[in-house]
Amino acid sequence: MIYVAIKYRYRPGLQTQEEIKPGEIPTPSRGKIGAIVLFIILMAGILFGLLLGTLNAVSFIEKPPVSEEEALVIEVTGFQWGWRFKYPNGIETVGLAYVPVGKVVIFKVTSDDVFHTFSIPALKVKIDAIPGRVNTAWAQFDFPGNYRVQCYELCGVGHAEMIGEIRAVPEDAFNLWYEANAPK
Ligand SMILES: [Cu+2]
């Protein structure tokens with residue numbers, strides 16, 4: 001834009017907007033149809049490339065790479081102010097969830113009261129938690145460790161304290177915990 005602004009700036013001898021009389025067709029002295037076509041194609045190409053990249057990224061984010069049978073499905077419920085996790089075998093925890101390293105985890109996210117947003121910042125996971133609705137997000141924890149969970153939707157005075165933790169542990173350790181804590 002700076003280049004064009006300098007190159008095509010007004011110079012003496014050129015018509016200004018005010019000098020063009022009503023009904024007069026200005027002399028198309030500066031138009032280059034080839035350049036215009038080239039730039040339209042170039043711009044359309046860039047936008048199309050960006051569009052493809054975006055669609056690709058969105059489908060990666062939204063579609064878990066494996067089916068729910070092959071993944072660990074955890075129901076996540078936000079409430080004022082905390083996170084509840086429910087596992088397929090009935091285990092329920094509040095504020096802390098264990099997951100196995102290397103396995104795809106699917107989060108079915110909803111809320112008990114107001115709008116919240118479930119997020120695991122380290123893994124760039126972020127999905128709205130809305131009462132009466134279940135939103136799906138997924139993640140794969142490739143490294144053992146503690147992952148912070150944070151609410152990203154202002155949801156009342158306790159919003160800043162609406163923090164949870166996901167502990168990614170080796171699959172063996174997870175299975176021990178999972179079996180040992182299964183509700184009888
Ligand atoms: Cu919240």
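Small disclaimer: the values here were computed from a predicted structure and weren't measured. Position labels on residues start from 1 in each chain and follow its written sequence. Residues qualify for local features only when their pLDDT is at least 70, as the model is predicted, and side-chain atom pairs are given and counted only at 80 or more; totals for whole chains, interfaces and linings, by contrast, use all residues. Side-chain figures throughout are based on the complete set of non-hydrogen atoms in the structure, without hydrogens or water.

A. Here's a closer look at the overall build of the protein chain. In this text, helices come from DSSP runs of H or I with a minimum length of four residues, and strands from runs of E with a minimum of two, each type numbered from the N-terminal end. If you tally the helices and strands in the protein chain, you get three helices and ten strands. Each helix and strand of the protein chain, placed in order from N terminus to C terminus, yields the pattern α-α-β-β-β-β-β-β-β-β-β-β-α. Considering only C-alpha atoms, the protein chain reaches an extent of 90 × 35 × 30 Å along its principal axes. Looking at the protein chain as a whole, 29% of its 184 residues are labelled buried. Carbon and sulfur atoms provide 63% of the accessible area of the protein chain, an area that totals close to 12300 Å². We treat Lys and Arg as the positive residues and Asp and Glu as the negative residues; His and chain ends play no part in the count. Taken as the charge centre is NZ of Lys, CZ of Arg, CG of Asp or CD of Glu, depending on the residue. Charge-centre separation for the protein chain: the mean point of 17 positive side chains lies 13 Å from the mean point of 19 negative side chains. Only protein chains enter the area calculation, which uses a 1.4 Å probe; residues under 20% of their type maximum are buried, those over 50% are exposed, and those in between are partly exposed. Per-residue and other accessible areas were derived by the Shrake-Rupley procedure at a 1.4 Å probe size, with only the shown protein chains allowed to occlude residues.

B. How the structure looks around the coordination of the copper ion. For Na, K and Ca the donor cutoff is 3.2 Å, while for all other metals N, O and S atoms count as donors only within 2.8 Å; water does not appear among the atoms, so some sites may look incomplete. At 2.0 to 2.5 Å from the copper ion lie its protein donor atoms, namely H116 (ND1), C151 (SG), C155 (SG) and M162 (SD). Square planar and octahedral sites, with four and six donors, are those where opposite donors lie more than 155 degrees apart and all other angles lie between 65 and 115, tetrahedral sites have four donors with every angle between 85 and 135 degrees, and the rest are irregular. Coordination at the copper ion comes from four donor atoms whose angles at the metal span 92 to 125°, giving a geometry best classed as tetrahedral. All donors to the copper ion come from one chain, and their sequence spacing reads H-x34-C-x3-C-x6-M. Taken together, the positions of C151 in strand β9 (residues 145–151) and M162 in the loop between β9 and β10 (163–169) put the pair eleven residues apart, joining distant regions of the chain.

C. Geometry of the packing of aromatic side chains. Between 30 and 60 degrees the pair is tilted, below 30 it is stacked and above 60 it is edge-to-face, where a pair is any two Phe, Tyr or Trp rings, Trp via its six-membered ring, whose centres lie within 6.5 Å. On inspection of all chains with the given rule, the structure shows ten aromatic pairs. With 4.8 Å between their ring centres and 80° between their planes, F141 and Y147 make a pair best called edge-to-face. Residue classification places F141 among the buried residues on the basis of a relative accessible area of 0%.

D. Fine view of the domain arrangement of the protein chain. Where each domain begins and ends follows an automated or database-derived domain assignment. Each assigned domain of the protein chain is listed here: domain 1 (27–62) and domain 2 (72–180). Just the C-alpha atoms count here: the centres of domain 1 and domain 2 sit 40 Å apart.

E. Broad picture of the nonpolar core. What is meant by a nonpolar core is a set of buried Ala, Val, Leu, Ile, Met, Phe, Trp, Tyr and Cys residues, joined one to another through side-chain atoms within 4.5 Å. Within the largest apolar cluster, 31 residues are counted, with the highest numbers of intra-cluster contacts made by Y87, F107, F118, F141 and I166. Once you skip the residues sitting within four places of it in the chain, F141 turns out to touch V99, P100, V101, G102, K103, V105, F107, I120, L123, Y147, I166 and A168. By size, the runner-up hydrophobic cluster in this structure holds five residues, among which are A71, V104, I106 and W138. Whether two residues touch is decided by their heavy atoms; if any such pair falls within 4.5 Å, the residues are in contact.

F. Representation of the sheet that holds strand β6 (residues 116–120) in the model. DSSP calls a pair of strands paired once it identifies at least 2 bridges connecting them. In spatial order, the strands read β4-β10-β9-β6-β7; together these five strands make up an open sheet with mixed pairing. Pairing within the sheet leaves two strands with one partner each, and these edge strands are β4 (96–100) and β7 (125–129). Pairwise comparison of adjacent strand axes, ignoring direction, gives a mean angle of 25° for this sheet. Looking at chain direction, β9 and β10 are connected through six bridges and run antiparallel. Note on β10: the bridge partner recorded for Q150 is I163. Axis definition: a line fitted to C-alpha atoms, over the contacting stretch in the case of helices. Angles run 0 to 180 degrees between N-to-C directions. Most of the contacts of helix α3 (residues 171–180) go to β4, to which it runs at about 130°, and overall it touches β4 and β10.

G. The sheet that holds strand β8 (residues 135–140), seen in detail. The five strands are arranged β3-β2-β1-β5-β8 in an open sheet whose pairing can be described as mixed. A strand with exactly one partner marks an edge of an open sheet, and here the two such strands are β3 (92–94) and β8. Taken over all neighbouring pairs, the strand axes of this sheet differ in orientation by 25° on average, direction set aside. When strand β1 (residues 72–79) meets strand β5 (residues 104–111), the two strands line up parallel, connected through seven bridges. Residue pairing across strands places E75 opposite K108, the latter belonging to β5.

H. Looking closely at the side chain of H116. Relative to the elements of secondary structure, H116 occurs in strand β6. A relative accessible area of 0% places H116 in the buried class. Counting of polar contacts relies on pairs of N or O atoms within 3.5 Å, with two restrictions inside protein: one atom must be capable of donating a hydrogen and the other of accepting it, and residues adjacent in sequence are counted only when both atoms are side-chain atoms. Side chain to side chain, H116 and D113 meet in a polar contact 2.8 Å long. Apart from residues lying up to four places away in sequence, H116 is in contact with G78, F79, Q80, W83, S111, D128, A129, C151, E153, C155 and M162.

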